[in-house]
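Chain residues, written in single-letter form:
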Amino acid sequence: MGSTFSTGPLPNKLFKYLINLELIVVRGKIFRFERSIDRNFDDVLFISKKQLQWVLKINEKQTYILYQRFNSYNRPKLPALEIWGAMALCSSGEVPEKVGLLFSLMDFNKNHHLSRIDMEVLISVVTKGLSKFKGVNIPPMKTITRIVSALFAYEDAIFNEYGEIYVQSVQEFMVTNDLCRTYFSSIGTQASTQDLSKL
């Protein structure tokens with residue numbers, strides 16, 4: 001059984017607004033967030049309550065509810081990857097497109113490759129975010145570790161000279177591997193082999 005990070009789903013009105021947005025809308029909100037950052041002072045990895053309200057265009061009460069849901073440790077800012085990861089996984093986009101967006105959020109040097117550690121962090125953080133967002137249990141960490149191990153053993157994977165995996169290899173793996181398909185199903189995101197046609 002996975003860990004439970006929340007006590008139930010978000011209130012219906014707010015939940016319905018944030019669930020099943022088109023992926024392009026989620027991308028737009030991430031871009032809006034990045035525009036709000038003063039890179040001399042702000043950290044792209046975290047989002048404040050004020051930024052959250054401005055980016056998502058929600059009222060103060062909704063902002064408070066959402067902020068409290070994600071703020072397990074009473075911190076002044078939230079991990080942005082948890083928010084964007086949850087919204088991307090809940091979006092109406094195809095799995096390869098979702099994976100591509102999530103990959104780009106962790107690809108800080110924009111070389112389209114990630115290390116094994118990066119992939120473990122990415123999957124665990126966005127899954128934790130989704131659990132808070134939807135109020136569901138998540139797969140245990142050992143499942144995520146197994147997925148990453150299988151990913152880096154994937155025979156068709158493309159790696160760079162540093163042993164980092166290429167984004168398209170991750171997209172292909174996520175829609176063809178049975179463990180991944182079970183993982184996506186367990187968090188409410190269906191992966192179909194037809195998604196390969198989107199690559």
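Above this text is the structure in question.
All values derive from a computational prediction rather than experimental measurement. (Residues numbered from 1 in each chain as written. Predicted model: local features only at pLDDT ≥ 70, side-chain atom pairs only at ≥ 80, totals over all residues. Heavy atoms only, no water.)

Let us now look at the overall build of the protein. Per the secondary structure count, the protein includes ten helices and four strands. Tracing the protein from N to C terminus, the helices and strands come up as α-α-β-α-α-β-α-α-β-α-α-β-α-α. Sorting the 199 residues of the protein into buried and exposed places 49% on the buried side. Look at the contacts in the protein between residues 6 or more apart in sequence, and 66% of them connect residues 24 or more apart. Carbon and sulfur atoms form 52% of the exposed surface of the protein, whose accessible area is close to 10400 Å². (Helix = DSSP H or I, 4+ residues; strand = E, 2+ residues; numbered from the N terminus. Buried < 20%, exposed > 50% of the residue type's maximum accessible area, 1.4 Å probe, protein only. Contact = heavy atoms within 4.5 Å. Areas by Shrake-Rupley, 256 points an atom, 1.4 Å probe, with all protein chains shown as cover.)

Moving on: empty space enclosed by the protein. Taken as a whole, this structure holds one cavity of 30 Å³ or more when the rule is applied. In this model, the largest cavity occupies a volume close to 120 Å³. The wall of the largest cavity is formed by Leu89, Val99, Leu102, Met119, Leu122, Ile123, Val126, Val170, Met174, Tyr183 and Phe184. Within the residue set of the lining of the largest cavity, elements represented by two or more residues are α6 (95–106), α7 (116–134), α9 (167–176) and α10 (178–186). Among the elements that take part in the lining of the largest cavity, α7 stands out by supplying four residues, more than any other. Grouping the constituent residues of the lining of the largest cavity by class yields eleven nonpolar, no polar and no charged. (1 Å grid on protein atoms, 1.4 Å probe; cavity = no way out; pocket = protein on both sides within 12 Å on 5 of 7 lines; lining within 4 Å. Points joined across faces, edges and corners; volume = space filled by probe spheres on them. Nonpolar A, V, L, I, M, F, W, Y, C, P; charged D, E, K, R; others polar.)

Once that is clear, we can look at the layout of surface pockets. Any empty space left between the atoms is revealed when a probe the size of a water molecule rolls over them. Its volume calculated, the largest pocket comes out at about 370 Å³. If you trace the largest pocket, you find 18 residues lining it, with Glu34, Val44, Ser104, Leu105 and Lys110 closest to the centre. Elements with a contribution of two residues or more to the lining of the largest pocket: α2 (23–35), α5 (80–89) and α6. Taken as a whole, the second largest pocket encloses approximately 280 Å³ of empty space. Surrounding the second largest pocket, 19 residues form its lining, Leu45, Phe46, Pro79, Glu82 and Val125 being those nearest its centre. Mapped onto the lining of the second largest pocket, the elements with two or more residues apiece are β2 (78–79), α5 and α7. The leading source of residues in the lining of the second largest pocket is α7, at four residues. When grouped by side-chain class, the residues that make up the lining of the second largest pocket number twelve nonpolar, two polar and five charged.

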